[in-house]
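# Examining the three-dimensional arrangement
Now for the letters of each chain:
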2 protein chains.
Amino acid sequence: MKYFLTSFLVLTLSMGYSQSIQSPSGKISVNFKLTSNGQASYSVNYNSKPVILESFLGVKLKNKPALDANFGIDSVKNSSFNESWKPVLGEQSIIVNHYNELIISLTQKETHVKMNIIFRVFDEGIAFRYDFPKQKDLNYFIISDEVSQFNLTGDHKVFWIPGDFDSNEYPYNETKFSGIDNDKVDLNNGIAAKSIAEKYNVQSPLMMKTATGLYLNVFEAAVVNYPVMHLKADVNDFKLTSVLVPNAIGDKAYLQTPCVSPWRTIMVSDDARDIVGSKMILNLNEPCKIDDTSYIKPMKYVGIWWEMHVGKSTWDYAGSQNAQNNLNQDLVASGKHGATTENTKRYIDFASKNGFDGVLVEGWNVGWEDWFGNWKEEVFDFTTPYPDFDIAAISAYAKSKNVKMIMHSETSGSVGNFERHLDRDFENMVKYNYPAVKTGYVGKIIPRGEFHDGQTMVNHFNYVARRAADYKLMVNSHESSRPTGYGRTYPNYIAAEAARGTEFNAWSVGNPPMHETILPFTRLLGGPMDYTPGIFEIKMSHYNPDKTEQVHTTLAKQLALYVTMYSPLQMAADLPENYEKYPDAFQFIKDVAVDWQDSKYLEAEPGDYLTVVRKAKNSEKWFLGAITDENARKSEIKLDFLTKEKKYKAIIYEDAKDADWKNNPIAYKISTLEVTSKSKIKLNLAPGGGTAISFEPIN
Amino acid sequence: MKYFLTSFLVLTLSMGYSQSIQSPSGKISVNFKLTSNGQASYSVNYNSKPVILESFLGVKLKNKPALDANFGIDSVKNSSFNESWKPVLGEQSIIVNHYNELIISLTQKETHVKMNIIFRVFDEGIAFRYDFPKQKDLNYFIISDEVSQFNLTGDHKVFWIPGDFDSNEYPYNETKFSGIDNDKVDLNNGIAAKSIAEKYNVQSPLMMKTATGLYLNVFEAAVVNYPVMHLKADVNDFKLTSVLVPNAIGDKAYLQTPCVSPWRTIMVSDDARDIVGSKMILNLNEPCKIDDTSYIKPMKYVGIWWEMHVGKSTWDYAGSQNAQNNLNQDLVASGKHGATTENTKRYIDFASKNGFDGVLVEGWNVGWEDWFGNWKEEVFDFTTPYPDFDIAAISAYAKSKNVKMIMHSETSGSVGNFERHLDRDFENMVKYNYPAVKTGYVGKIIPRGEFHDGQTMVNHFNYVARRAADYKLMVNSHESSRPTGYGRTYPNYIAAEAARGTEFNAWSVGNPPMHETILPFTRLLGGPMDYTPGIFEIKMSHYNPDKTEQVHTTLAKQLALYVTMYSPLQMAADLPENYEKYPDAFQFIKDVAVDWQDSKYLEAEPGDYLTVVRKAKNSEKWFLGAITDENARKSEIKLDFLTKEKKYKAIIYEDAKDADWKNNPIAYKISTLEVTSKSKIKLNLAPGGGTAISFEPIN
């Protein structure tokens, strides 16, 4: 890194001050300003046109003067940075981290408190953070509010979900910015614990599109020891202001200098592919802190899970599926319990036969008969199996079949209880050779008064990743706060749910066809999502004629999701018997890679469609995924990403002519072509449909 | 237990109902009443005279109708109970548990909620609790308030401390009931974290004396999964009402049927000795739940502790004694650090030479340079020693000297952090052969918003005891909520501080001479206190001529405290060099037992004096302790507790003629007598003084 000190300034307050910084490409520029009364602000231009108008910066402190005005400038530093790094697992084997940086060192008059504002400008966006250096006049302090603004240029199209402190599992609303209104959200959406505090608060990442066709994304990176940032929308002035999720007594963040806020990020481009393919969020996180990463491996897995969602079996031993304490229930197995030794062995056999790495089993441990909805503290002990789940025998059987077991540790939001048992949980995993854990946080948090998105829980989720690393275990968290790139620092934090996953389709209004076209522009920017695709029996009436719920895609789109929804941990979520009914389509799931050499986004429009190709790591195989929303879609793809002069066998899994997510979702067709880098392929996506293609070199 | 069903009643609300129950001796009677509008109440008579006037009972629930009226009676059951049990350690080897019981089963009209009120009447007092049976109409519920009343008969004398949710370390106020007023409390008292919510709230146990000479004590027993009960004093009507300590969001207790409240207790006698010697609180707790109690052993110990309080050395390695982060401090040992390997070996040698069981070392682990006052979460990791504390070498050295090390685990109130590290702490103890831990909770609690006396912390303190039992470890908690007999159930919970201990004398206004005459009537009723007596160098000017602080007793009284302040864990708190200066007085500390066959309270007046004799377990040795407040005191003691026909050598450690806690505290005299059960001994206690006597049989 080369630093060049621009200036060392003693400015009088009456003068004001401004300083600009550009992205390496020069397309994006940020202008920092200090007003005459010492207020810091910034604005952003893209191709010389404003995309963020003057927006003020600052934080408010509890029992101390606010750090939002009366600043003077001590120094201004410019630098540029360009490096490459190799993620342990990822969408590409090498990630370039290239930005220009501007550090404004400020001191507040009278309080003498020092605060730096750091800007980084990448080719696909900008980031800023507050930096509180170690100093005499500020040691411990409490953030009571952050007042970072994002002042927009107009009434953009926005993909938003409500600013719920406890859940990010909402379907997206697509409206004008002026249409943001949580009162209009249908809350009959299957979400367990809801805490929407304000009418106009929304969550980040917030994906937008301007009337002139610019794509704009407001998010954050490196949320460590800080609450999640939501955004308050001023629907009249088109302005966003940061909203930090509070703790039980209304405080936001407890900090000690030296410390930093997370990065506040704004991505902008006239090409949506720049945003969906950006690695800016990862780049803004600290490098890997784990020395030995050899145990961190990608996994394709099956599990005893979807069969409970569709009502075929139950999590609880007694088979009541009553999660809220059936008073008259005695713990006698009814034959409906899913996590039996026998059924688990069936899944292990299936995994082994079809080349899957792992088997997840939910409902294996005592507690499911009364686990949800009562803010109960001591629910699970995380180690005691039900009497029909022989963990030692299963562990040995899995080992004999070269299959890895994935632990399930549902906390029901009772985090204190989980933390008290965490070491016992992980020791149990080591004892029985489980390399990965799926954690769950369904329900209101204990310590009571805390929220899923507050500093306490952010620290918990990060702690679980760090502590798991001590045991050389991988973590996949569900119902956690959404990741902001911490997986770069702790790559054993392999995946998370943290958005509305496939399960909602089984028992609620589900996820509309556009859902999966938005997630890569929002949730996935912060890290891999365990979306659990691969549902072949689309309609729940398959299990029960009275049911009207369904997955809101075609079968072919379910295949495409393995490519469009990046994760090094991918579930084949449907039941073995359903895969056995469609072995030709199942072949794609068996073939598709989960860790990548390279990825290229070919077509992208948030809320409408996405097409991506990825090259498997250390392989010449490529895979394509293309998806659409509720509208059918045709396009033609050039295969110029393939290695020149090489021939490939392309197996195309696509919607049948008459396929339709609602009326005919399973209809698919499979064809094989020989192609080269000069070939083109026509894509025909049904309403709610998709296409998946595997490319294998022909020797 | 024999049960006889008095009646099965279908009462109309207009009738009302009343039912009485007496103590085994017949002296105490309780009258239960249900008013015509279905309100439950009780009153208490002693020798046929009222001591508690009609007092209403009930609880309020969050988001449900209050359980305080509209009840009808389903049934009334009478029974009596008489058994003996053997405490693992105690003031006596056999405890008699003898009471009559009345169970009133109620159902609330309209809600159909069932609640039982259970009364137990002992010879020294009464107890009642709410019992919520498993039922269709009440499963999970939240107590928002408890409205148990204690309606007094007059403006009694009261020994009270403020109803502080975070601290019980106050000196007692002795006033009329009408004089209770927290605004009059001097808060410059050395207490670290204070949370006094209301002007008239006081803590229990509340010791009182009526104008007619009755002793009255309001307390509670078996506080498990429930907050601590404080008391709101109505100073005009002489009424007390229960105040439950809230959690971070104002709720009191989260419960699930079947469950019970703690017992609310009222002790009453015309002889104060009945109260100070009562085992009612222990009797109201569940029997021992530990199968193997062989590791639970009494301990007399010394420690690296008082030398920090008096300023000779420091907890932190750098020797700054700056607990709140000295910014410019680097971790270089200054030579003032107390917990060095060398100093620890000196204490081990001293312990070994003088027959002590254990050595406590505080300040041994990293974190003390910034541990207090900033609500910091990650303070200690509980396992990392300072570089000058060689834990392995110390552990081996102690073993070679047959001395046990006592772990110190200060949490600074950061309980989440402690719970995350608890297993590692205990594993470290097992590894290094530490059989006991002294925990500490100085500071505001994290999870933030919780209080030391709330349900969350009650559960934590109990959890630590239970989890320690898994590791076969003993627990001595400091700054915890005060015990209510849980040590019967988990006897490895060997002691607690949980009141104002000796340390306050070193650096604050300290503990007035009457302090130790009150504690046995209050704090000690719930379990042993680690009061850390044995200070010989009474005045802090010994260490620093500028200091005016001092222990508010004579040296002889310090010896007497080993007998008057029951604990199976007793510290000889002063420095080895101070004991070596007074070897004749020190002999008593070396000799005195800490676990007892029997105890007899000979003289008792709360706030004035206390004389007790105890027989060492499995021994013919007796020990006497007599203390007084600021007034000199003379009395004559009959030795009829000694075994008849046996001769004893009595060594009397008493105040010298001119001794005085303030002007001449160290002056003592030691004499030896030959005595029998027919002898009498004259006690001469100086102002703030005491007498200690050992009786050894002469063969």
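Residues numbered from 1 in each chain as written. Chains lettered and ligands numbered in written order. Predicted model: local features only at pLDDT ≥ 70, side-chain atom pairs only at ≥ 80, totals over all residues. Heavy atoms only, no water.

With an RMSD of 0.0 Å, chain A superimposes on chain B once it is rotated by 180 degrees and translated 0.0 Å along the axis. On the angle and the small slide along the axis, the relation comes out as a two-fold axis. Comparing contact sets, 100% of the residues at the interface of chain A also lie at the interface in chain B, consistent with an isologous, same-surface contact. (Least-squares fit on C-alpha atoms with pLDDT ≥ 70 in both. Contact = heavy atoms within 4.5 Å.)

Under the local residue numbering, the UniProt record ascribes the feature "domain: Glycosyl-hydrolase 97 N-terminal" (unreviewed entry) to residues 21–287 of chain A. Segment residues 21–287 of chain A splits into 3% helix and 49% strand. End C-alpha atoms: 25 Å apart. (UniProt positions renumbered as here; feature names shortened; annotations may be inferred. Helix = DSSP H or I, 4+ residues; strand = E, 2+ residues; numbered from the N terminus.)

Residues and elements named next belong to chain A. Each domain of chain A was delimited in the assignment, giving domain 1 (7–283) and domain 2 (303–498). With 39 residues of domain 1 at the contact, the number on the domain 2 side is 29 residues. Where domain 1 abuts domain 2, roughly 2400 Å² becomes buried across the two surfaces, and 53% of that area is made up of carbon and sulfur atoms. Summed over the three residues of domain 1 that lose the most area to domain 2, namely D166, N168 and V228, the buried surface amounts to 22% of that side. At the surface where domain 1 touches domain 2, the tally comes to two salt bridges. For E220, the salt bridge is made with R482, and the minimal N-O distance between the two is 2.8 Å. Put simply, domain 1 and domain 2 have 18 residue pairs in polar contact (both at pLDDT 80 or more) between them. Within the side of domain 1 that touches domain 2, the residues separate by chemical class into 24 nonpolar, nine polar and six charged. (Domains from an automatic or database assignment. Buried area = accessible area lost by both parts, 1.4 Å probe. Salt bridge = Lys/Arg side-chain N within 4 Å of Asp/Glu carboxyl O. Polar contact = N/O pair within 3.5 Å; in protein donor to acceptor, adjacent residues only side chain to side chain. Nonpolar A, V, L, I, M, F, W, Y, C, P; charged D, E, K, R; others polar.)

All names here are of chain A. One open sheet accounts for six strands, arranged β30-β31-β32-β37-β34-β35; its pairing is antiparallel. A single partner strand is all that each edge strand has here, and the edge strands are β30 (596–605) and β35 (668–675). With strand direction ignored, the average angle separating the axes of adjacent strands in the sheet is 15 degrees. Relative to strand β37 (residues 690–698), strand β32 (residues 622–628) runs antiparallel, the two sharing six bridges. Residue L624 lies in a different strand from β37, and its bridge partner there is I693. (Pairing = 2+ DSSP bridges. Axes fitted to C-alpha atoms, helices over the stretch in contact; angles between N-to-C directions.)

Turning our eyes to something else, we now look at the side chain of T628(B). All names here are of chain B. Checked against the element boundaries, T628 lands in strand β32 (residues 622–628). At a separation of 3.4 Å, a polar atom in the side chain of T628 contacts the side chain of D629. A polar atom in the side chain of T628 sits 2.6 Å from the backbone oxygen of N631. If we skip the residues at most four places from it in the chain, T628 touches P513, T517, K557, D608, Y609, R633, L685, A686, G688 and G689.

Let's shift gears to the packing of helix α6 (residues 415–431) of chain A against helix α7 (residues 455–470) of chain A. Residue and element names in this part refer to chain A. The contact between α6 and α7 brings their axes to 11 Å, and the two run at 5 degrees. Regarding the angle of α6 to α7, the classification is roughly parallel. For the pair α6 and α7, the contacting residues are V415, F418, E419, L422, D423 and F426 in the first and M457, H460, Y463, V464, R467 and A468 in the second. In terms of residue class, the contact of α6 with α7 is built from eight nonpolar, one polar and three charged. (Parallel < 35°, antiparallel > 145°, perpendicular 65-115°, else oblique.)

Turning next to the pairing of strand β10 (residues 125–132) of chain A. Residues and elements named next belong to chain A. Extensive coverage of β10 is indicated by the burial of eight of its eight residues. Side chains of β10 alternate between two faces, with G125, A127, R129 and D131 and I126, F128, Y130 and F132 buried alike. Sheet analysis places strand β9 (residues 114–122) next to β10, joined by seven bridges and oriented antiparallel. Residue F122 lies in a different strand from β10, and its bridge partner there is G125. Joining the antiparallel neighbours β9 and β10 is a turn of two residues. In the sheet, β10 pairs with strand β22 (residues 263–269) via four bridges, with the strands oriented antiparallel. Residue pairing in the sheet places G125 in a bridge with M267 of β22. (Buried < 20%, exposed > 50% of the residue type's maximum accessible area, 1.4 Å probe, protein only.)

Attention shifts here to the interface of chain A and chain B. The partner chain B presents 32 residues to the 32 residues of chain A that form the contact. At the boundary of chain A with chain B, total buried surface from both sides reaches about 2700 Å², with 52% on carbon and sulfur atoms. Across the salt bridge formed by E419(B) and R420(A), the nearest N and O atoms sit 2.7 Å from each other. Counting the contacts that link chain A with chain B gives ten residue pairs in polar contact (both at pLDDT 80 or more). Contributions of two or more residues to the side of chain A that touches chain B are made by β20 (253–256), α6 and α7 of chain A. Of the residues forming the side of chain A that touches chain B, the biggest block, six residues, is contributed by α6(A). Taken together, the residues of the side of chain A that touches chain B break down into eight nonpolar, nine polar and 15 charged.

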